[in-house]
Every structure is written in structure tokens, then in C-alpha cells.
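A closer look at the structure
The lines below spell out each chain.
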Amino acid sequence: MSDLSAGATVALIARREITERTRERAFKITTGVTLLIVVGAIIAIKIFGGGPTTYDVGVGPGQQAVAQVLVAQARQSDTKIQLTELPDAAAARDGLNGGDLDLALVDGKLVVKKDLPAELRSLASYASQQVQAQQTLGDAGVDGATIGKALSPAPPTVQTLEKIDPDRSTRQAVAFIAVILLYGQLISYGITVANGVVEEKSTRVVEILLATVRPRRLLAGKVLGVGAIGLVQLLLIAAVGVATGLATGTFSLSGGVVGIIVQVLVWFVLGYTFYAVLYAAGGATVSRQEDLPNATNLLTFLVVGSFFAAIYASNAAGSTVATVLSYVPPFSALVMPIRYAAGDSTWWEVLVAMGLLIVATAALLSLAARIYENAVLRTGAPTGWRKALRSTSD
């Protein structure tokens, strides 16, 4: 065995993993593609996901009063109205048929090509009714000031029972993208660890390594090295994503957004450690890459199930199911960030969930290490997990 200390041995193996993995072409391509996807997604959100809705409205002769009320009402509902003066009904038909207009106000009518969006229909109908009411009251001899007061009452005061969080939607969007990335990192780097174990076992490199290194130190170094790559890659993706978001104005770097990013990075470390030791154990039970899916399919299903739980939580963050799963390892790694972003959990709840995942990982660590230690030198047919738990002398 090596005369190096345990820490030095683990660090040496970790450096070996980092050097080998980062030189691989697949790693470089995956990193580049992921960065492009993140940048593209943020730009798409900026282009298609924000800003007021704009409608093009044609205004025929004598319809200016309706148009003015329409524009005034649209401002209050975060809707933009683009007005176009029309000389006659024929021009209105041409504009509608050509797709230049969404609506035309002609001869006291609301003219559309086929259908009218519900929002625009409501605004235009209200504007038309307001003008008709003004005309009716004016014809009845009611003075203009009274008409204006009657038709434009002060809006009611809105009182909220809960504090309004202006950053909630931004946090949720950032958290959802971050959880998708986290899911990808957990499953890809967990499988990377398993593939590395099988590769060393099939080529008998592991026999050479174990001649000088204890099995548990080899396992720890491999998990640490691959995890360091995943964390650095995730940090790079986060930095590029934040820079793109700030540059495009898609979101601002508020305390809530920073908190989500930091939390996801911590969840990666905890979630990766949980899965990586189990994937390594699964990889140690087989000698061929073809047998690896069967040895790790339950772990993969667990990661995928956690991701679907996170998707469910994004639509029902306050539900009982989402609340329970946000504490249950390893679902918590993907579900808790979603609940926190939605404002349905606090920092102390996040810390409790992290603590539970740490305890679960510690409980599994010895189990996984024993499976790895007992199975990594066994060649031939796949070794069952139960058999691998027995001593090597069995």
C-alpha cells in the first residue's frame, strides 16, 4: 500500500480524475452545448416571455373618442394599443385581411377578421360603452363634469393579506432553469462515476491501483474528482447564465436570485455525493459496460422521479405532496429549491432538508463503500448488491 496519507492519496486520485475527464472531447462538447442552451433560453424568455401585449387598432372617422378611452384603459392593464387612422371601412377591411390590424373601429362597430382576443374585446367593449353613455347623458342635459365623475369613479383600494413579493416570478423562473440544470448534472455525473468504475474494472486498471491504494480511498478520490468537475461546470454555467440575464435585462441580480443560485450549488454537492457513491457501488458490481444499465437503473429512476416531483412542485409548491417530498432524501435536492423560490419554504426549512440529506448520505456511505470494496475486483458475471455486501471471504 502507498505510504501517502489518506488525504494525500484521495487528492492524488481526484487530480487524476479531473485531468482525464476534462481532456475528453465529450466533456468539452457537452459544456459548450449546455452554455449555448442556457444563453438561448434566457434570450428566448426576454423576447417571448415579457413585456406588455401590443394590439394594432384601426380608427375610422368619428371613432376618435372610443379610441382615446380604449388607450386610457389599456394603460391600466399593462396592454399597449397602437392606433392607425383609417379613411373609410374599405381601408379597415384591407388592414384586417392583410394582418396589419387586430381590430378596426368603424361606424360604431368593432370589426375583426375572424376572432377577437378576450382581453382586447373587453377593453374595446368597455370603451364603446363609455362613449355611448357619455353621449346619452349629454343628450339628456347632464353637464360634462358630472358625466366624467359618474363614468370614472375612483378604483377601489386593494388590500392584501400577505406581503407582495415582486421578485417571486423571477426567482421561480431562475429556480426552474437551475433545477433542470441540476437534474442534468446529477444524472450525468453519477453515470460518469459508474462508467469510470466499470472502465477501470474491465481494463484491469483497478487491480494496479488497488495494489497501492486502499479501495475506499480510491472510491473517495474518484467521487471527489468527478464531483469537482461537475461543480466547476455548474459554476461556469451559472456565471454565464447570470451574465446573459443581466446583459439582456431578463432579470436583476436581487438577493432572492443570488440565494437560489447558491442554494442550487449546495444541493448539487449534497445530491451528487448521495448518488455518486451509489452509482460507484453499482458500477463495481459489473465488469462490462453493457451490464451497467441493469445495475444502476433503480438509481436512474430515482433521479428521474425526483425531477418529475420538482415539475409537480413548480405547479403546486404549497401542496402536501410537494411539502413532504421537499424534506425526503433525495427528492429534496430538486424539490426544495422550487418551493423556496415560490415562497412556500424558509431558510430554516432548507437547512433542515439539507441536514436530512446529509444524514441519509452518511448512512449510505458505509454501505456503498462496502459494496464497492467487495465487488470491484470480482470479474465475470454481475455481482448482486446483496452478495457484494458480504465479506470477500464468502
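Up top is the structure these notes are about.
Residues numbered from 1 in each chain as written. Predicted model: local features only at pLDDT ≥ 70, side-chain atom pairs only at ≥ 80, totals over all residues. Heavy atoms only, no water.

Regarding the overall build of the protein chain
Filter applied, for reference: The helix and strand labels rest on DSSP assignments: H or I over at least four residues marks a helix, E over at least two residues marks a strand, and numbering proceeds from the N terminus. As a reference, a globule follows 2.2 Å times the number of residues to the power 0.38, and the radius of gyration itself is taken over C-alpha atoms. For every residue, the accessible area (1.4 Å probe, protein chains only) is compared with the maximum for its type, and the residue is labelled buried under 20%, exposed over 50%, or partly exposed between those bounds. Computed with the Shrake-Rupley method and a 1.4 Å probe, the accessible areas treat only the protein chains shown as cover for residues. Within this scheme the basic residues Lys and Arg register as positive and the acidic residues Asp and Glu register as negative, but His and the chain ends are omitted. Here the site of a charge means atom NZ of a Lys, CZ of an Arg, CG of an Asp or CD of a Glu.
When helices and strands are tallied, the protein chain shows 15 helices and four strands. Expected size for 394 residues packed as a compact globule is a radius of gyration near 21 Å; at 31 Å, the protein chain overshoots this value by more than 25%. By principal-axis analysis of the C-alpha atoms, the protein chain measures approximately 105 × 45 × 35 Å. Among the 394 residues that make up the protein chain, the fraction classed as buried is 41%. Carbon and sulfur atoms provide 61% of the accessible area of the protein chain, an area that totals close to 20500 Å². When the 31 positive and 28 negative side-chain charges of the protein chain are each reduced to one mean point, those points stand 13 Å apart.

Topic: the environment of Leu299
The condition is simple: Note on contacts: a residue pair is in contact if any heavy atoms of the two residues lie within 4.5 Å.
Considering the arrangement of structural elements, one finds Leu299 in helix H11 (residues 292-315). Its relative accessible area of 9% is what places Leu299 among the buried residues. Considered as a pair, Leu299 and Leu278 are 21 residues apart in the sequence and their alpha carbons are 7.7 Å apart. When near neighbours in sequence (up to four residues on either side) are disregarded, Leu299 contacts Tyr275, Leu278 and Tyr279.

Topic: the pairing of strand S1 (residues 53-59)
Note the following rule: Whether two strands pair comes down to DSSP finding at least two bridges between them.
Bridging between S1 and strand S2 (residues 79-85) involves seven bridges; their strand directions are parallel. In the strand pairing of S2, Thr54 is matched with Lys80. Relative to strand S3 (residues 103-106), S1 runs parallel, the two sharing three bridges. Within the sheet, the bridge partner assigned to Val57 lies in S3 and is Leu103.

Details of the nonpolar core
As a reminder of what qualifies: Definition of nonpolar core: a set of buried residues of the types Ala, Val, Leu, Ile, Met, Phe, Trp, Tyr and Cys, connected through side-chain atoms within 4.5 Å.
Judged by nonpolar contacts, the single largest core of 79 residues is most densely connected at Leu218, Trp267, Tyr272, Leu334 and Tyr372. Contributions of two or more residues to this core are made by helix H2 (25-48), helix H7 (168-202), helix H8 (205-210), helix H9 (215-248), helix H10 (255-284), H11, helix H13 (332-341) and helix H14 (347-375). Of all the elements, H10 adds the most residues to this core, at 18 residues. If we skip the residues at most four places from it in the chain, Leu218 touches Ile13, Val206, Leu209, Leu210, Val213 and Tyr372. Counting 18 residues, the second-largest nonpolar core is a separate cluster that includes Tyr55, Ala67, Leu123 and Val131.

A closer look at H7
This is how it is decided: Every helix has an expected span of 1.5 Å times one less than the residues it contains.
For H7, with 35 residues, the first-to-last C-alpha span of 50 Å sits near the 51 Å given by 1.5 Å per residue. Arg204 occupies a position one or two residues after H7 and carries a positive phi of about 65°.

Focus on the sheet that holds S1
Keep this limit in mind: In this description, a line fitted to the C-alpha atoms serves as the axis of each element, helices being fitted only across the stretch in contact, and the angle between N-to-C directions of two axes falls anywhere from 0 to 180 degrees.
Taken together, the four strands give an open sheet; going across it, the order is S2-S1-S3-S4, and neighbouring strands pair in mixed fashion. In this open sheet, the two edge strands, each paired with only one partner strand, are S2 and strand S4 (109-111). Within the sheet, the average angular offset between the axes of one strand and its neighbour, ignoring direction, is 30°. The strands that helix H3 (residues 64-76) touches are S1, S2 and S3; relative to S2, the one it contacts most, it runs at about 160°. In the packing of helix H5 (residues 118-139) onto the sheet, contacts are made with S1, S2, S3 and S4, and the angle to S1 comes to roughly 45°.

Examining the packing of H7 against H9
Our working definition: Comment on the angle field: the value is read as roughly parallel under 35 degrees, roughly antiparallel over 145, roughly perpendicular from 65 to 115, and oblique elsewhere. By the definition used in this description, the sense in which the near helix is turned from the far one sets the handedness, with an anticlockwise turn below a right angle giving left-handed and a clockwise turn giving right-handed. Note that Gly is not counted as nonpolar here; it falls among the polar residues with everything else outside the nonpolar set of Ala, Val, Leu, Ile, Met, Phe, Trp, Tyr, Cys and Pro and the charged set of Asp, Glu, Lys and Arg.
Relative to each other, H7 and H9 sit at 150°, their axes nearing to 10 Å. Of the possible angle classes, the one that applies to H7 and H9 is roughly antiparallel. When you trace H7 past H9, the crossing you get is right-handed. Two secondary-structure elements touch here, H7 through Leu181, Gln185, Tyr189, Thr192, Val193, Gly196, Val197 and Glu200 and H9 through Lys222, Val226, Ile229, Gly230, Gln233, Leu234 and Ile237. Looking at the contact of H7 with H9 residue by residue, the classes come out as eight nonpolar, five polar and two charged.

Thoughts on the pattern of salt bridges
Quick reminder of the rule: Each reported salt bridge corresponds to a side-chain nitrogen of Lys or Arg within 4 Å of a carboxyl oxygen of Asp or Glu.
Enumeration according to the criterion identifies eleven salt bridges in this entry. Of the charged contacts, one joins Arg21 and Glu24 as a salt bridge, the two residues approaching to 3.2 Å between their closest N and O atoms. Residues Arg204 and Glu207 are paired through a salt bridge, measuring 2.5 Å at the closest nitrogen-oxygen approach. The class for Arg204 is partly exposed, based on a relative accessible area of 44%. Take Glu207: its relative accessible area is 33%, and that puts it in the partly exposed class. Because the salt bridges share partners, they merge into one network encompassing Arg16, Glu17, Glu20, Arg21, Glu24, Glu200 and Lys222.

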